[in-house]
Amino acid sequence: MLGHQRRRESGRPFWSTRPFGFERNGTHRDEEAEALRQAYRDVLAGVALWSIAKDWNARELLSPHGKEWRSSNLRGVLLKPRNAGIQTYSQWVEKPDGRRVRVTEETGTGNWEPIVSEGMFRALMRYLSDPERNTGGGGKRKALLSGVVRCSKCQAVVTQGWSRKDAEGERYRIYTCSDGRCITCPADPLDAYMVRQVISRAEEWNQAPATDAADEVREAELLAEEVATSERRTALAESMRAGGAPAEGARSPRVQVGSLPDHFPEPVSNA
């Protein structure tokens with residue numbers, strides 16, 4: 001603890017691994033530092049994080065661990081106070097419920113040269129933490145079929161993911177089971193198929209003949225007649241089971257005598 005306190009008081013950088021934009025002694029790694037400065041300007045100008053991440057990956061400007069950039073880890077780097085020359089101290093704190101969480105607090109100004117000004121850093125913090133900022137998240141569906149289609153094996157909903165790199169180093173979108181990755185399926189062909197099906201069905205609806213008011217009235221009358229007939233049949237069946245006369249309103253089956261022939265032909269002998 002005493003050593004940590006002395007390092008905080010000295011303002012010297014104490015980084016267990018080299019951070020993006022810096023060397024471990026606090027000097028700048030020029031290409032990364034310049035990319036950070038431009039990223040701060042771009043984000044405050046409205047450029048999306050994923051667009052900056054895509055540009056860095058294309059330039060092979062990877063993380064210190066050799067990882068490609070995404071919106072999530074790029075956001076984390078931009079929110080590091082060290083970029084503005086601000087020293088921090090992190091420690092584990094136990095919550096009343098017994099959980100231990102890592103808490104980071106600013107402890108002063110470091111003795112290394114900042115990459116961006118404190119004003120620009122604070123402005124970006126406010127911008128990225130603004131609840132009104134539309135990031136496409138908040139539980140909104142990010143793919144056409146995510147949360148809609150279910151896995152054919154376990155019936156869990158599918159989510160969007162990314163494939164492993166192929167022989168050419170490329171990755172593509174996939175749909176994968178949210179409960180154990182039972183199956184995976186390329187997303188783009190499936191999305192295209194579903195869009196074609198919806199368009200085809202919409203065209204069928206447009207080609208169907210429209211019903212006018214007279215048709216709707218006639219359909220209502222036929223439906224009423226069907227309901228009344230069903231009710232009469234039910235009442236008749238109940239009366240016959242009880243051994244009584246048909247209930248009022250129920251019609252008994254009738255034989256049309258006049259429709260029978262007057263005499264029947266004699267049977268023909270085969271002898």
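Residues numbered from 1 in each chain as written. Predicted model: local features only at pLDDT ≥ 70, side-chain atom pairs only at ≥ 80, totals over all residues. Heavy atoms only, no water.

Time to look at helix α5 (residues 118–128). By the burial criterion, the buried members of α5 are Phe121, Leu124 and Leu128. Seen along its axis, α5 keeps its buried residues to an arc of 65°; they face one direction. On the buried face of α5, the contacting elements are α2 (30–44), α3 (49–58), α4 (71–78) and β1 (86–94). (Buried < 20%, exposed > 50% of the residue type's maximum accessible area, 1.4 Å probe, protein only. Helix = DSSP H or I, 4+ residues; strand = E, 2+ residues; numbered from the N terminus. Arc of directions from axis to C-beta. Contact = heavy atoms within 4.5 Å.)

Most of strand β4 (residues 173–177) sits inside the fold, with five of its five residues counted as buried. Every second residue of β4 is oriented toward a common face, with Arg173, Tyr175 and Cys177 on one face and Ile174 and Thr176 on the other, all of them buried. Two elements, strand β3 (residues 158–162) and β4, share five bridges in a ladder whose sense is antiparallel. In the sheet register, Thr159 faces β4, and the bridge partner there is Thr176. Relative to strand β5 (residues 184–186), β4 is paired through three bridges, and the arrangement is antiparallel. Each residue of the ladder has a partner; that of Ile174, found in β5, is Pro186. (Pairing = 2+ DSSP bridges.)

Here we come to the nonpolar core. Judged by nonpolar contacts, the single largest core of 26 residues is most densely connected at Leu36, Trp56, Leu74 and Leu78. When residues of this core are traced back to their parent elements, those giving at least two are α2, α3, α4 and α5. In terms of residues, this core owes the most to one element, α2, which gives six residues. Setting aside chain neighbours within four positions, we find Leu78 in contact with Leu36, Ala39, Tyr40, Val43, Leu49, Asn83, Phe121 and Leu124. One finds Ala143, Leu145, Tyr175 and Ala187 within the second-largest nonpolar core, a separate group that totals five residues. (Core = buried A, V, L, I, M, F, W, Y, C linked by side-chain atoms within 4.5 Å.)

So, on to α2. Side chains that are three or four residues apart share a direction in an α-helix, a result of its 3.6 residues per turn. Across its 15 residues, α2 extends 22 Å between first and last C-alpha, which sits within 8% of the 21 Å expected from 1.5 Å per residue. Of the positions making up α2, those classed as buried are Glu32, Ala33, Ala35, Leu36, Ala39, Tyr40 and Val43. Seen from one end, α2 has its buried residues packed into an arc of 160°, which puts them on one side. Turned more than 90 degrees away from the buried face of α2, the exposed residues are Asp30 and Glu31. (Expected span 1.5 Å × (residues − 1).)

Moving on: the sheet that holds β5. Taken in spatial order, the three strands of this open sheet run β3-β4-β5, and their pairing is antiparallel. Sheet topology places β3 and β5 at the edges, where each strand pairs with a single neighbour. Each adjacent strand pair in this sheet contributes to an overall mean axis angle of 35°, direction not counted. (Axes fitted to C-alpha atoms, helices over the stretch in contact; angles between N-to-C directions.)

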